[in-house]
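# Commentary on secondary and tertiary structure
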Amino acid sequence: VFSAGLSATWYIYRTAQGISALRQQEQLQAAGKAITDSFDLDLVRSVEAVRATSLMIENQQSLRRAEFVGFGRAVMAHASALSMLEWQPRVEQAQVAQFEARARDAGLPGFRVVEPEGKLLRPVKPRADYVPVLYAVPESAAAIGLDMGFNPEFMKSKYQARDRRQPVASVTFPIISRQSELV
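The structure displayed is predicted, hence computed values, not measured ones.

Attention now moves to the overall build of the protein. Per the secondary structure count, the protein includes 4 helices and 6 strands. Starting at the N terminus, the α and β elements of the protein follow one another as α-α-β-β-α-β-β-β-β-α. The C-alpha extent of the protein, read off along each of the three principal axes, is 100 × 35 × 30 Å. In the protein, once contacts between residues fewer than 6 apart in sequence are set aside, the share between residues at least 24 apart is 62%. With the model as given, the accessible surface of the protein reaches about 12200 Å², and the carbon-plus-sulfur share is 57%. Taking the 22 positively charged and 19 negatively charged side chains of the protein as two groups, their mean positions are separated by 2 Å.

Okay, structure coming up:
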């Protein structure tokens, strides 16, 4: 009887331990699914936000800064995974001076198309075209006027977006702020 009782107790203990392990595994799987579902939702919202911004820019012949900033703030309020939203129009070399003047007239005093040189920002070197940051949300974190064309890695996503006619995420890179000194 003692041996049978001991065997039954051992069996019940092992069964309870197995059930507990299964419950723990189910809880971990549920937590993991909740995390991946949340990530997927953030990613979908971010992609939708960028696509909506792209469509807005594409359909506005003369997009003003206030319109972009207002729209960008509203979009980013629903896309927590985005840290910044920028508009970087293509500008041909012959149009740079006119582009800079229009940006200054539109409320960006001192606007120049610039590129980094070490830790400083300097006027751009001659190239066929430029892709400067014109508008950004939040504006305080952006390097307004920074031409992204100085780095071929930054341009890959822009060329892909142009060719596909849809937004493409860029590689990650350190944010260059307007706090840098101008040469």
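Read on, since the account is not over.
Turning our eyes to something else, we now look at the environment of V171. Its location among the elements puts V171 in the segment after α4 (152-164). Using a relative accessible area of 41% as the deciding quantity, one classes V171 as partly exposed. Separated by 18 residues in sequence, V171 and E153 have C-alpha atoms that sit 7.6 Å apart.

The pairing of strand β3 (residues 114-117) with strand β4 (residues 120-123) spans 4 bridges and is classified as antiparallel. Bridging from a neighbouring strand, V114 pairs with P123 of β4. Taking the residues between adjacent antiparallel strands as the criterion, β3 and β4 are bridged by 2 residues, where G118 takes a positive phi near 65°.

On to the packing of helix α1 (residues 2-58) against helix α2 (residues 65-77). Running from N to C, α1 and α2 cross one another at 160°; their axes reach a closest spacing of 10 Å. The orientation of α1 with respect to α2, classified from their angle, is roughly antiparallel. Every pair of crossing elements has a handedness; the one defined by α1 and α2 is right-handed. In contact with A49, A52, T53, M56 and I57 of α1, α2 contributes F68, F71 and V75. Residue composition of the contact of α1 with α2, grouped by class: 7 nonpolar, 1 polar and no charged.

Right, let's get into a nonpolar patch on the surface. On the surface, F39, L43 and V47 cluster together to form a nonpolar patch covering roughly 280 Å² of accessible area. Mapped onto the elements, F39 comes out in helix α1.

Within the largest apolar cluster, 37 residues are counted, with the highest numbers of intra-cluster contacts made by F68, F111 and L134. Of all the secondary structure elements, the ones that give two or more residues to this core are α1, α2, β1 (85-87), α3 (96-105), β6 (135-137) and α4. At 4 residues, α2 tops the list of elements feeding residues into this core.

A separate point is unusual backbone geometry. Residue P138 is reached from V137 by a cis peptide bond, and omega for that bond is -5°. For P138, the location among the structural elements is in the loop between β6 and α4.

Our next topic: the pattern of salt bridges. Considering all chains together, one arrives at 10 salt bridges under this definition. Between R127 and D147 there is a salt bridge whose closest N-O contact spans 2.0 Å. Separated by 20 residues along the polypeptide, R127 in the loop between β4 and β5 (129-130) and D147 in the loop between β6 and α4 bring together distant segments of the chain. The exposure class assigned to R127 is partly exposed, which follows from its relative accessible area of 23%. What makes D147 buried here is its relative accessible area of 0%.

By secondary structure assignment, the location of S157 is in helix α4. Discounting chain neighbours no more than four positions away, the residues touching S157 are V168, A169 and S170.

What counts, and at which threshold
- Residues numbered from 1 in each chain as written.
- Predicted model: local features only at pLDDT ≥ 70, side-chain atom pairs only at ≥ 80, totals over all residues.
- Heavy atoms only, no water.
- Helix = DSSP H or I, 4+ residues; strand = E, 2+ residues; numbered from the N terminus.
- Contact = heavy atoms within 4.5 Å.
- Areas by Shrake-Rupley, 256 points an atom, 1.4 Å probe, with all protein chains shown as cover.
- Lys, Arg positive; Asp, Glu negative; His and termini not counted.
- Charge placed at Lys NZ, Arg CZ, Asp CG, Glu CD.
- Buried < 20%, exposed > 50% of the residue type's maximum accessible area, 1.4 Å probe, protein only.
- Pairing = 2+ DSSP bridges.
- Axes fitted to C-alpha atoms, helices over the stretch in contact; angles between N-to-C directions.
- Parallel < 35°, antiparallel > 145°, perpendicular 65-115°, else oblique.
- Left-handed = near helix turned anticlockwise from the far one by under 90°.
- Nonpolar A, V, L, I, M, F, W, Y, C, P; charged D, E, K, R; others polar.
- Patch = residues over 30% accessible without salt bridge, like charges linked within 9 Å, V, L, I, M, F, W, Y side chains within 5 Å.
- Salt bridge = Lys/Arg side-chain N within 4 Å of Asp/Glu carboxyl O.
- Core = buried A, V, L, I, M, F, W, Y, C linked by side-chain atoms within 4.5 Å.

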